[in-house]
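As a plain string of letters, each chain reads:
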Amino acid sequence: MTQTALVTGATAGFGEAIARRLVHEGFRVIATGRRVERLDALQKELGGALLPFALDVTDADAVAALPSSLPEGWREIDVLINNAGLALGLDPAQKADLSDWDKMVATNVTGLIHVTRAVLPGMVERDLGLIVNLGSVAGDYPYPGGHVYGATKAFVLQFSLNLKADLVGTNVRISNIEPGMVGGTEFSSVRFRGDGDKAAKVYEGTTPLTAEDIAETVAWIAKLPAHMNVNRIELMPTCQASGPFVIKRG
(Lines give C-alpha, C1' and ligand atoms only; values in the text may rest on other atoms or scores of the structure.)
Protein backbone atom coordinates (compact mmCIF):
# COMPACT_ATOMS: atom_id res chain seq x y z
CA MET A 1 0.00 0.00 0.00
CA THR A 2 1.37 3.42 -0.99
CA GLN A 3 2.33 5.51 2.03
CA THR A 4 1.72 9.24 2.37
CA ALA A 5 4.46 11.55 3.68
CA LEU A 6 4.13 15.19 4.74
CA VAL A 7 7.27 17.31 4.40
CA THR A 8 7.44 20.79 5.93
CA GLY A 9 9.69 23.41 4.39
CA ALA A 10 9.66 21.65 1.02
CA THR A 11 10.28 24.74 -1.11
CA ALA A 12 14.09 24.45 -1.06
CA GLY A 13 17.09 22.66 0.41
CA PHE A 14 16.54 19.56 2.53
CA GLY A 15 12.76 19.64 2.19
CA GLU A 16 12.77 19.83 -1.60
CA ALA A 17 15.37 17.05 -1.86
CA ILE A 18 13.45 14.88 0.62
CA ALA A 19 10.15 15.38 -1.22
CA ARG A 20 11.77 14.49 -4.52
CA ARG A 21 13.53 11.42 -3.10
CA LEU A 22 10.42 10.07 -1.36
CA VAL A 23 8.36 10.35 -4.55
CA HIS A 24 11.06 8.42 -6.37
CA GLU A 25 10.90 5.81 -3.58
CA GLY A 26 7.17 5.30 -4.24
CA PHE A 27 5.65 7.55 -1.56
CA ARG A 28 2.91 10.09 -2.10
CA VAL A 29 4.18 13.40 -0.73
CA ILE A 30 2.37 16.41 0.69
CA ALA A 31 4.93 19.17 0.11
CA THR A 32 4.29 22.17 2.35
CA GLY A 33 5.82 25.62 2.56
CA ARG A 34 5.12 29.30 2.12
CA ARG A 35 6.43 29.79 -1.44
CA VAL A 36 3.57 28.23 -3.37
CA GLU A 37 5.11 28.84 -6.79
CA ARG A 38 8.02 26.58 -5.86
CA LEU A 39 5.67 23.86 -4.66
CA ASP A 40 3.72 24.10 -7.91
CA ALA A 41 6.96 23.76 -9.89
CA LEU A 42 7.83 20.66 -7.87
CA GLN A 43 4.45 19.13 -8.63
CA LYS A 44 4.92 19.89 -12.33
CA GLU A 45 8.22 18.00 -12.16
CA LEU A 46 7.04 15.04 -10.08
CA GLY A 47 3.41 14.68 -11.12
CA GLY A 48 0.34 13.58 -9.20
CA ALA A 49 2.31 11.78 -6.49
CA LEU A 50 3.09 15.20 -5.01
CA LEU A 51 0.46 17.46 -3.49
CA PRO A 52 1.53 21.11 -3.03
CA PHE A 53 0.01 22.56 0.13
CA ALA A 54 0.60 26.11 1.37
CA LEU A 55 1.50 26.09 5.06
CA ASP A 56 3.43 28.38 7.38
CA VAL A 57 4.37 26.30 10.44
CA THR A 58 4.29 29.44 12.59
CA ASP A 59 0.57 29.90 11.81
CA ALA A 60 -0.90 28.02 14.77
CA ASP A 61 -4.48 28.02 13.44
CA ALA A 62 -3.49 26.65 10.03
CA VAL A 63 -1.36 23.95 11.63
CA ALA A 64 -4.12 22.99 14.08
CA ALA A 65 -6.44 22.44 11.10
CA LEU A 66 -4.16 19.65 9.83
CA PRO A 67 -4.87 17.07 8.63
CA SER A 68 -8.59 17.82 8.18
CA SER A 69 -7.79 20.71 5.82
CA LEU A 70 -6.07 18.34 3.40
CA PRO A 71 -8.03 16.92 0.45
CA GLU A 72 -9.89 13.65 0.86
CA GLY A 73 -7.56 10.74 0.32
CA TRP A 74 -4.53 12.65 1.67
CA ARG A 75 -5.47 12.93 5.33
CA GLU A 76 -3.89 9.75 6.69
CA ILE A 77 -0.26 10.72 7.07
CA ASP A 78 2.12 7.79 7.47
CA VAL A 79 5.39 9.73 7.56
CA LEU A 80 5.96 13.25 8.90
CA ILE A 81 9.22 15.03 8.07
CA ASN A 82 9.61 18.04 10.37
CA ASN A 83 12.13 19.90 8.23
CA ALA A 84 11.06 23.56 8.35
CA GLY A 85 13.63 25.60 10.27
CA LEU A 86 16.24 28.32 10.01
CA ALA A 87 19.24 30.03 11.57
CA LEU A 88 19.46 33.81 11.72
CA GLY A 89 22.64 35.75 12.43
CA LEU A 90 25.96 34.75 13.93
CA ASP A 91 26.61 37.66 16.29
CA PRO A 92 27.45 36.90 19.92
CA ALA A 93 24.44 36.70 22.22
CA GLN A 94 24.97 40.15 23.73
CA LYS A 95 24.74 41.71 20.25
CA ALA A 96 22.11 39.43 18.67
CA ASP A 97 18.80 40.73 17.37
CA LEU A 98 16.07 39.56 19.76
CA SER A 99 13.58 39.30 16.90
CA ASP A 100 15.88 36.75 15.26
CA TRP A 101 15.77 34.68 18.44
CA ASP A 102 11.98 34.85 18.49
CA LYS A 103 11.71 33.78 14.86
CA MET A 104 14.05 30.80 15.34
CA VAL A 105 12.09 29.62 18.37
CA ALA A 106 8.75 30.16 16.60
CA THR A 107 9.83 28.09 13.59
CA ASN A 108 12.30 25.52 14.94
CA VAL A 109 10.51 24.76 18.21
CA THR A 110 6.90 25.97 18.30
CA GLY A 111 6.18 25.20 14.65
CA LEU A 112 7.68 21.73 14.92
CA ILE A 113 5.76 20.76 18.05
CA HIS A 114 2.47 22.12 16.67
CA VAL A 115 2.80 20.14 13.44
CA THR A 116 3.72 17.05 15.43
CA ARG A 117 0.73 17.44 17.73
CA ALA A 118 -1.59 17.87 14.75
CA VAL A 119 -0.43 14.70 13.00
CA LEU A 120 0.53 12.37 15.87
CA PRO A 121 -2.95 11.39 17.16
CA GLY A 122 -3.89 9.90 13.79
CA MET A 123 -0.70 7.85 13.73
CA VAL A 124 -1.33 6.53 17.22
CA GLU A 125 -4.96 5.72 16.38
CA ARG A 126 -3.83 3.72 13.32
CA ASP A 127 -0.89 2.31 15.34
CA LEU A 128 1.50 3.07 12.49
CA GLY A 129 3.69 6.00 11.56
CA LEU A 130 7.10 7.62 11.43
CA ILE A 131 8.17 11.10 12.47
CA VAL A 132 11.58 12.31 11.33
CA ASN A 133 12.77 15.52 12.94
CA LEU A 134 15.59 17.55 11.40
CA GLY A 135 17.94 18.49 14.19
CA SER A 136 21.57 19.57 13.86
CA VAL A 137 25.00 18.95 15.31
CA ALA A 138 24.49 22.50 16.63
CA GLY A 139 22.22 20.87 19.21
CA ASP A 140 25.13 18.70 20.38
CA TYR A 141 28.19 20.94 20.07
CA PRO A 142 28.36 24.65 20.94
CA TYR A 143 30.00 27.22 18.70
CA PRO A 144 30.31 31.02 18.88
CA GLY A 145 27.14 32.67 17.64
CA GLY A 146 25.14 29.44 17.79
CA HIS A 147 23.33 30.33 21.05
CA VAL A 148 19.59 30.21 20.25
CA TYR A 149 19.86 28.21 17.02
CA GLY A 150 21.82 25.50 18.83
CA ALA A 151 19.38 25.62 21.74
CA THR A 152 16.41 25.08 19.41
CA LYS A 153 18.10 22.03 17.91
CA ALA A 154 18.96 20.67 21.36
CA PHE A 155 15.24 21.00 22.09
CA VAL A 156 14.39 19.04 18.94
CA LEU A 157 16.67 16.20 20.06
CA GLN A 158 15.19 15.99 23.56
CA PHE A 159 11.65 16.33 22.25
CA SER A 160 12.32 13.43 19.87
CA LEU A 161 13.69 11.22 22.64
CA ASN A 162 10.77 12.04 24.92
CA LEU A 163 8.29 11.29 22.14
CA LYS A 164 9.95 7.89 21.81
CA ALA A 165 9.40 7.33 25.54
CA ASP A 166 5.72 8.26 25.22
CA LEU A 167 5.21 5.95 22.26
CA VAL A 168 6.79 2.77 23.58
CA GLY A 169 4.44 -0.11 22.80
CA THR A 170 3.04 1.54 19.68
CA ASN A 171 4.20 1.13 16.10
CA VAL A 172 4.89 4.86 15.75
CA ARG A 173 8.59 5.52 15.25
CA ILE A 174 10.57 8.71 15.98
CA SER A 175 13.97 9.64 14.55
CA ASN A 176 16.16 12.73 14.90
CA ILE A 177 18.65 13.48 12.12
CA GLU A 178 21.54 15.73 13.14
CA PRO A 179 23.48 16.98 10.11
CA GLY A 180 26.75 18.87 10.25
CA MET A 181 27.98 21.10 7.43
CA VAL A 182 25.70 20.91 4.40
CA GLY A 183 26.31 23.00 1.29
CA GLY A 184 24.22 23.89 -1.72
CA THR A 185 21.18 25.09 0.24
CA GLU A 186 19.79 28.46 1.34
CA PHE A 187 20.80 27.87 4.97
CA SER A 188 23.80 30.24 5.17
CA SER A 189 22.25 32.73 2.74
CA VAL A 190 19.25 33.02 5.08
CA ARG A 191 21.52 33.19 8.13
CA PHE A 192 23.46 36.09 6.57
CA ARG A 193 20.38 37.78 5.08
CA GLY A 194 21.20 37.16 1.45
CA ASP A 195 24.90 38.02 1.60
CA GLY A 196 26.07 35.49 -0.96
CA ASP A 197 29.79 36.17 -0.50
CA LYS A 198 29.58 35.68 3.25
CA ALA A 199 27.53 32.51 2.81
CA ALA A 200 29.98 31.09 0.24
CA LYS A 201 32.95 31.55 2.59
CA VAL A 202 31.37 29.08 5.04
CA TYR A 203 31.98 26.26 2.54
CA GLU A 204 35.19 27.55 0.93
CA GLY A 205 37.77 24.79 0.51
CA THR A 206 35.45 22.05 1.82
CA THR A 207 33.41 19.17 0.45
CA PRO A 208 30.28 19.46 2.59
CA LEU A 209 27.30 17.16 2.77
CA THR A 210 24.48 17.90 0.33
CA ALA A 211 20.71 18.09 0.64
CA GLU A 212 20.58 14.85 -1.33
CA ASP A 213 22.69 13.17 1.38
CA ILE A 214 20.10 14.15 3.96
CA ALA A 215 17.30 12.93 1.69
CA GLU A 216 19.17 9.63 1.33
CA THR A 217 19.20 9.28 5.11
CA VAL A 218 15.49 10.06 5.41
CA ALA A 219 14.66 7.54 2.68
CA TRP A 220 16.75 4.87 4.42
CA ILE A 221 14.96 5.42 7.73
CA ALA A 222 11.56 5.47 6.05
CA LYS A 223 12.19 2.12 4.34
CA LEU A 224 13.38 0.27 7.45
CA PRO A 225 11.30 -2.56 8.94
CA ALA A 226 8.41 -1.32 11.08
CA HIS A 227 9.90 -2.76 14.29
CA MET A 228 13.20 -0.85 13.88
CA ASN A 229 13.57 2.67 15.32
CA VAL A 230 16.58 4.90 14.63
CA ASN A 231 16.51 7.13 17.70
CA ARG A 232 19.07 9.59 16.39
CA ILE A 233 21.72 9.76 13.69
CA GLU A 234 24.53 12.31 13.46
CA LEU A 235 26.08 13.10 10.08
CA MET A 236 29.20 15.09 9.17
CA PRO A 237 31.32 15.39 6.05
CA THR A 238 34.84 13.95 6.33
CA CYS A 239 36.24 17.49 6.43
CA GLN A 240 34.41 18.30 9.68
CA ALA A 241 34.76 17.26 13.32
CA SER A 242 33.88 18.66 16.73
CA GLY A 243 36.49 21.01 18.16
CA PRO A 244 38.46 21.26 21.38
CA PHE A 245 37.37 23.31 24.37
CA VAL A 246 38.13 27.02 24.08
CA ILE A 247 40.30 28.35 26.89
CA LYS A 248 41.02 32.07 27.38
CA ARG A 249 44.40 32.45 29.06
CA GLY A 250 45.45 35.59 30.84
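I will try to describe carefully the structure that is included in this document. (Residues numbered from 1 in each chain as written. Predicted model: local features only at pLDDT ≥ 70, side-chain atom pairs only at ≥ 80, totals over all residues. Heavy atoms only, no water.)

To continue, consider the side chain of Asn-108. Relative to the helices and strands, Asn-108 is located in helix 4 (residues 98-126). Contact partners of Asn-108, with chain neighbours within four places excluded, come to Gly-85, Leu-86, Tyr-149, Thr-152, Lys-153 and Val-156. (Helix = DSSP H or I, 4+ residues; strand = E, 2+ residues; numbered from the N terminus. Contact = heavy atoms within 4.5 Å.)

What follows concerns the pairing of strand 5 (residues 129-134). In terms of residue burial, strand 5 counts as a mostly covered element, since six of its six residues are buried. In strand 5, alternate side chains face the same way, and those of Gly-129, Ile-131 and Asn-133 on one face and Leu-130, Val-132 and Leu-134 on the other are all buried. Pairing between strand 4 (residues 79-82) and strand 5: four bridges, direction parallel. From the neighbouring strand, Val-79 faces strand 5, where its bridge partner is Leu-130. Following the backbone out of strand 4, through helix 4 and into the adjacent parallel strand 5, one traces a crossover that is right-handed. (Buried < 20%, exposed > 50% of the residue type's maximum accessible area, 1.4 Å probe, protein only. Pairing = 2+ DSSP bridges. Right-handed = clockwise from strand over helix to strand, strands pointing away.)

A few words on the sheet that holds strand 7 (residues 232-235). To summarise the sheet geometry, strands pair through backbone hydrogen bonds and adopt either a parallel or an antiparallel arrangement. What the seven strands build is an open sheet, ordered 3-2-1-4-5-6-7; its pairing is parallel. At either end of the open sheet lies a strand with only one pairing partner, and these are strand 3 (50-54) and strand 7. Direction aside, the axes of adjacent strands within the sheet are offset by 15° on average. Pairing analysis gives four bridges linking strand 6 (residues 172-179) to strand 7, with the strands arranged parallel. (Axes fitted to C-alpha atoms, helices over the stretch in contact; angles between N-to-C directions.)

Looking now at the packing of helix 4 against helix 5 (residues 147-166). For the pair helix 4 and helix 5, the least separation of the axes is 8 Å and the interaxial angle reads 15°. Taken together, the axes of helix 4 and helix 5 are roughly parallel relative to one another. In this structure, helix 4 crosses over helix 5, and the sense of that crossing is right-handed. For the pair helix 4 and helix 5, contact is made by Trp-101, Met-104, Val-105, Asn-108, Val-109, Leu-112, Ile-113, Thr-116 and Leu-120 and by His-147, Val-148, Tyr-149, Thr-152, Lys-153, Phe-155, Val-156, Phe-159 and Leu-163, respectively. In terms of residue class, the contact of helix 4 with helix 5 is built from 13 nonpolar, four polar and one charged. (Parallel < 35°, antiparallel > 145°, perpendicular 65-115°, else oblique. Left-handed = near helix turned anticlockwise from the far one by under 90°. Nonpolar A, V, L, I, M, F, W, Y, C, P; charged D, E, K, R; others polar.)

The subject of this paragraph is the pattern of salt bridges. By the definition in use, this model includes ten salt bridges. With its nearest N and O atoms 2.9 Å apart, the salt bridge here joins Asp-140 to Arg-232. Of the two residues, Asp-140 is situated in the loop between strand 5 and helix 5 and Arg-232 in strand 7; the sequence distance between them amounts to 92 residues. By relative accessible area, which is 24% here, Asp-140 ends up partly exposed. The partner of Glu-178 in a salt bridge is Arg-232, and the shortest N-O contact between them spans 3.0 Å. Highlighted residues: Glu-178 in strand 6 and Arg-232 in strand 7, separated in sequence by 54 residues. One connected set of salt bridges, linked through shared partners, spans Glu-16, Arg-20 and Glu-45. (Salt bridge = Lys/Arg side-chain N within 4 Å of Asp/Glu carboxyl O.)

It is worth spelling out the layout of surface pockets at this point. Taken as a whole, the second largest pocket encloses approximately 220 Å³ of empty space. Surrounding the second largest pocket, Met-1, Thr-2, Gln-3, Thr-4, Arg-28, Gly-73, Trp-74, Arg-75, Glu-76, Asp-78, Arg-126 and Leu-128 form its lining. Looking at the lining of the second largest pocket, its residues break down into three nonpolar, four polar and five charged. (1 Å grid on protein atoms, 1.4 Å probe; cavity = no way out; pocket = protein on both sides within 12 Å on 5 of 7 lines; lining within 4 Å. Points joined across faces, edges and corners; volume = space filled by probe spheres on them.)

Relative to the 16 Å expected for twelve residues at 1.5 Å per residue, helix 1 (residues 13-24) spans 17 Å between its end C-alpha atoms, a close match to the ideal helical length. Looking one or two residues beyond helix 1, the residue adopting positive phi is Gly-26, at roughly 100°. (Expected span 1.5 Å × (residues − 1).)

Take the environment of Gly-146 next. Examined against the element boundaries, Gly-146 turns out to sit in the loop between strand 5 and helix 5. It is 30 Å that separates the C-alpha atoms of Gly-146 and Val-36, two residues lying 110 residues apart in sequence.

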